[in-house]
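Take a look at the letters that make up each chain.
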Amino acid sequence: MCGIVGYVGRQPAVDILMEGLRRLEYRGYDSAGVATIAPDHTLDIRKSAGRIDRLAARLDEAPVSGTIGIGHTRWATHGPATDGNAHPHVGGHGVLAIAHNGVIDNFAAIKGRLIQEGYQFQSATDSEVIAHLIADCLAEELPAGLNGSTAREVAASGYAPLVRAMSAALAQLNGTYGLVVLFRDFPEVILAARLGSPLVVGVGDNEHFVASDPSPLVGHTDKIVYLADHELAVVTADDLKVVHRDQGHVDHNVQVLEFESGDVDRGGYAHYMLKEIFEQPETIRNTMRGRLSRDEATAVLGGLNLSPGDLRAVDRLLLTACGTSWHAALVGEYLCEEFARLPVEVEYASELRYRNPPLEKNTLLFAITQSGETADTLAALREVKRKGHPTLAICNVVGSTIAQEAAGGIYLHAGPEIGVASTKAFTSQCVALTLLALYLGRLRHLSFGQGMQIIDRLQELPDKVAQALESNDAIREIAEKYYQCGNFLYLGRQYNFPVALEGALKLKEISYIHAEGYPAAEMKHGPIALVDENTPSVFLMPQGLVYEKVMANLEEIRARGGPVIAVVDEGDTRAAALADDVIYVPNVADFLQPIVSVIPLQLLAYHIAVLRGCDVDRPRNLAKSVTVE
Ligand code: GLU
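Bear in mind the structure is a predicted one, so any value in this text is a computation, not a measurement. (Residues numbered from 1 in each chain as written. Predicted model: local features only at pLDDT ≥ 70, side-chain atom pairs only at ≥ 80, totals over all residues. Heavy atoms only, no water.)

**Comments concerning the sheet that holds strand 18 (residues 316-321)**
Pairing between sheet strands relies on hydrogen bonds along the backbone, with the strands arranged either parallel or antiparallel. As a reminder of what qualifies: One bridge is not enough; two strands pair if DSSP finds at least two bridges between them. Labels follow the DSSP assignment, with helices taken as runs of H or I lasting at least four residues and strands as runs of E lasting at least two, numbered in each case from the N terminus. As a rule, the C-alpha atoms of each element are fitted with a line to give its axis, helices using only the stretch in contact, and angles between N-to-C directions run from 0 to 180 degrees. In this description, contact between two residues means that some pair of their heavy atoms is separated by no more than 4.5 Å.
Pairing is parallel in the open sheet, where five strands are placed in the order 19-18-20-21-22. Every interior strand has two partners, whereas the edge strands, strand 19 (344-348) and strand 22 (409-411), have only one. On average, each strand axis in the sheet is tilted by 20° relative to the strand beside it, whichever way the strands run. As paired elements, strand 18 and strand 20 (residues 363-369) share five bridges and run parallel to each other. Bridging across to strand 20, T320 finds its partner in A367. Across the sheet, helix 10 (residues 323-340) touches strand 18, strand 19 and strand 20, and the angle it forms with strand 19 is around 175°.

Written out as structure tokens, the structure reads:
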């Protein structure tokens, strides 16, 4: 996790760093810090535990200057969220400063050695070893230190000694890093490197930006270079060079960024999460755009990079993911089994990476991830790829690590998701999986007519989601009734079972209320013991095959005095007569129910969290993209 930003150019660096950190704050908010090199060649560092506003206050008291700098917003892995553990960290008695995203597995051994050599550590982080280690390697490269002429020679060589020192240090690290380094004596260059954590470079006019994701670039430049693992960038105001560990200098590919500034603003909503919930009719449309063929009654998924013949040869799908994406994977299981009659397994990526399951020969893996950077999902993808299976991704962030490492896949095109609790990415993942199931189904069992029916239903979906959002005010009133409860149950069956899991997760994530999602009929095998007058049960019970069965479960809860909130189809009067509160959603085909019935659950979690005074967009202990194991 964590957000990194760097700037070198002609403008005051600190303004750009602070704006960038605010945009990256969703990645971690335990502490924040910046380092700049002042015109008199001093390394100026300000950092503070807590949110970026505290760092801003510190900078008001003690401003920094300079047109080069780096910044960091932290999601702590090693050492608590204190001022001292905040990045940037200084190496070698002040010759350089670093900001790091990732985890260094062998930091303790390196730290022990460096302490013996006389380096003094100021923090409990694993990251600080990187700073001293680079400084140590630099001292070997430039044993006589610097005088004016050496500094000029170093610059004239393309900063070769700095690159060698940094490469030598990186070679000793086990773990992951997105890394930016400022050198006190070279106030015109930033070195940046990555292995396993994302890093991009923005190319401006006489200026360059470095960042963990493209959002800090927006409004400054639309030219972007995605660094790959083992690449190291030498970044000055006017120049960018990229060196690969094994291949030496590599030509970097400058791409055009498709972000708009509106994508990183709240657009008048109180929170990013609410904005993203209300964007869903549009984001769902974007996921489908250009991907439905009425001529062939199927989905068009060119990005899979597998021929119809290759896909017909697949005997089993393995869907792997974490968190909310794992719930989307469960929806995908129902979809692909129903439409394509393909056996599907859904695995937590964190389990799959170490479990070593026997994978049948013709197994195709899909890694599902919003960010494309989730560490466990990446590791699971690599493990399955190493075994020779085709590996594809369903992912939102273009150019992310998983998108690059997968042989192909489906981009969500849902736009940047800033709120830490995922909403629009989930519904877009479900849409992408529906398209996949339709495509695979049309290669196998589905007739033209069946394909057309699915397309018709999909095309109505954005309007149905917009209708579901109209219940927002009613849901706020329901939230007012229940926001002080300490436990919630979420119950649904079939396609609505994953939605029950997702509804419970949303509530936990942002309101810190304990919630359990369960298949409704399983409730009597244990969770029913939790039911009392202060434990509301949220029933997902649209019309369909199991409606009567879920109704019976609802009666069981009522008989024990538990309050019931029922999410039902418009026009349903039976559930309304029994439930304490009812939320109406438009009627849709059962395979699209997850996308419609999750909307009120997102809104319910949101309003409860707001009423409890929680920080909706930055819930405690969480971060948006989990780039650590
Ligand atoms: N492992 C480092 C720390 O705990 C960096 C964590 C991050 O990526 O924010 O400081």
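Let's pick the thread back up.
**Focus: the layout of surface pockets**
Gaps left between atoms show up when a probe the size of a water molecule is rolled over them. Selection rule: A cavity here means a set of 1 Å grid points, computed over protein atoms only, where a 1.4 Å probe fits but cannot escape. A pocket is an open set with protein on both sides within 12 Å along at least 5 of 7 lines, and lining residues have an atom within 4 Å of a point. Grid points are joined across faces, edges and corners, and a volume is the space filled by probe spheres set on the points. Residues are grouped as follows: nonpolar covers Ala, Val, Leu, Ile, Met, Phe, Trp, Tyr, Cys and Pro; charged covers Asp, Glu, Lys and Arg; every other residue, Gly included, is treated as polar.
By volume, the second largest pocket amounts to about 580 Å³. Looking at the lining of the second largest pocket, the elements with two or more residues in it are helix 10, strand 20, helix 12 (375-386) and helix 17 (496-511). Here the lining of the second largest pocket gets five residues from one element, more than from any other, and that element is helix 10. The residue inventory of the lining of the second largest pocket, partitioned by class, reads 14 nonpolar, 13 polar and four charged.

**Observations regarding the pattern of salt bridges**
Note the cut-off: Any carboxyl oxygen of Asp or Glu within 4 Å of a side-chain nitrogen of Lys or Arg constitutes a salt bridge here. Accessibility here uses a 1.4 Å probe with only protein chains present; expressed as a share of the type maximum, an area under 20% marks a residue as buried, one over 50% as exposed, and anything in between as partly exposed.
On inspection of all chains with the given rule, the structure shows 34 salt bridges. Taking the shortest distance from any N to any O, the salt bridge between R476 and D473 comes out at 3.5 Å. Of this pair, R476 and D473 both sit in helix 16 (residues 472-482), three residues apart, which is roughly one turn of the helix. A relative accessible area of 33% means that R476 is categorised as partly exposed. The class of D473 is partly exposed, set by a relative accessible area of 46%. Among the salt bridges present, the one from K506 reaches E509, with a minimum N-O distance of 3.0 Å. Of this pair, K506 and E509 both sit in helix 17, three residues apart, which is roughly one turn of that helix. Classification of K506 by relative accessible area gives buried; the value is 0%.

**Looking at helix 17**
Note the threshold: By definition here, a helix of n residues has an expected span of 1.5 Å times n minus one.
Between its terminal C-alpha atoms helix 17 stretches 22 Å, which fits the 22 Å expected from 16 residues at 1.5 Å a residue. Counted residue by residue, helix 17 has 14 buried out of 16 residues, so it is predominantly covered.

**Looking at the side chain of N106**
Mapping N106 onto the fold places it in the loop between strand 6 (96-101) and helix 3 (107-116). Among the residues examined, N106 registers a relative accessible area of 18% and is labelled buried.

**Here we look at the packing of helix 10 against helix 14 (residues 424-443)**
Selection criterion: An angle below 35 degrees is treated as roughly parallel, one above 145 as roughly antiparallel, one from 65 to 115 as roughly perpendicular, and anything else as oblique. Rotating anticlockwise by less than a right angle from the far helix to the near helix defines a left-handed crossing, while the corresponding clockwise rotation defines a right-handed one.
Between helix 10 and helix 14, the shortest axis-to-axis distance is 9 Å and the interhelical angle comes to 20°. Taken together, the axes of helix 10 and helix 14 are roughly parallel relative to one another. Of the two elements, helix 10 crosses helix 14, and the hand of that crossing is right-handed. Residues T324, S325, H327, A328, A329, V331, G332, L335, C336, F339 and A340 of helix 10 touch helix 14, and the partners they reach there are F426, Q429, C430, L433, T434, L436, A437, L438, L440 and G441.

**Side note on the packing of aromatic side chains**
Definition in use: For Phe, Tyr and Trp, where Trp contributes only its six-membered ring, two rings pair if their centres lie within 6.5 Å, and the inter-plane angle classes them as stacked under 30 degrees, edge-to-face over 60, or tilted in between.
In total, this model carries seven aromatic pairs according to the counting rule given. Note on Y269 and F278: the rings are 5.8 Å apart at their centroids and 25° apart in plane angle, and the pair reads as stacked. Since its relative accessible area comes to 31%, Y269 is described here as partly exposed. Note on F278: relative accessible area 26%, which makes it partly exposed. Both rings, one in Y334 and one in Y495, keep their centres 5.5 Å apart while their planes meet at 40°; by these two values the pair is tilted. One end of the pair, Y334, is in helix 10; the other, Y495, is in the loop between strand 23 (487-492) and helix 17, with 161 residues separating them in the sequence.

**Some remarks on the pairing of strand 20**
As a reminder of what qualifies: Handedness of a crossover is defined as follows: with both strands directed away from the viewer, a clockwise route from the first strand across the helix to the second makes it right-handed.
Counting buried positions along strand 20 yields seven of seven residues, so the element is predominantly enclosed. On strand 20, burial covers both faces: T363, L365, A367 and T369 on one face and L364, F366 and I368 on the other are all buried. Here strand 20 runs beside strand 21 (residues 391-395); their pairing, made up of five bridges, is parallel. Each residue of the ladder has a partner; that of L365, found in strand 21, is T391. In this fold, strand 20 hands off to helix 12, which returns the chain to strand 21; that crossover is right-handed.

**Quick word on the packing of helix 1 (residues 13-24) against helix 2 (residues 52-61)**
Contact pair helix 1 / helix 2: the axes reach a minimum separation of 10 Å and the direction vectors enclose 165°. When the interaxial angle is binned, helix 1 and helix 2 end up roughly antiparallel. As for the relative orientation of helix 1 and helix 2, their crossing is left-handed in sense. For the pair formed by helix 1 and helix 2, the contact residues are V14, M18, L21 and R22 on the first element and I52, D53, L55, A56 and L59 on the second.

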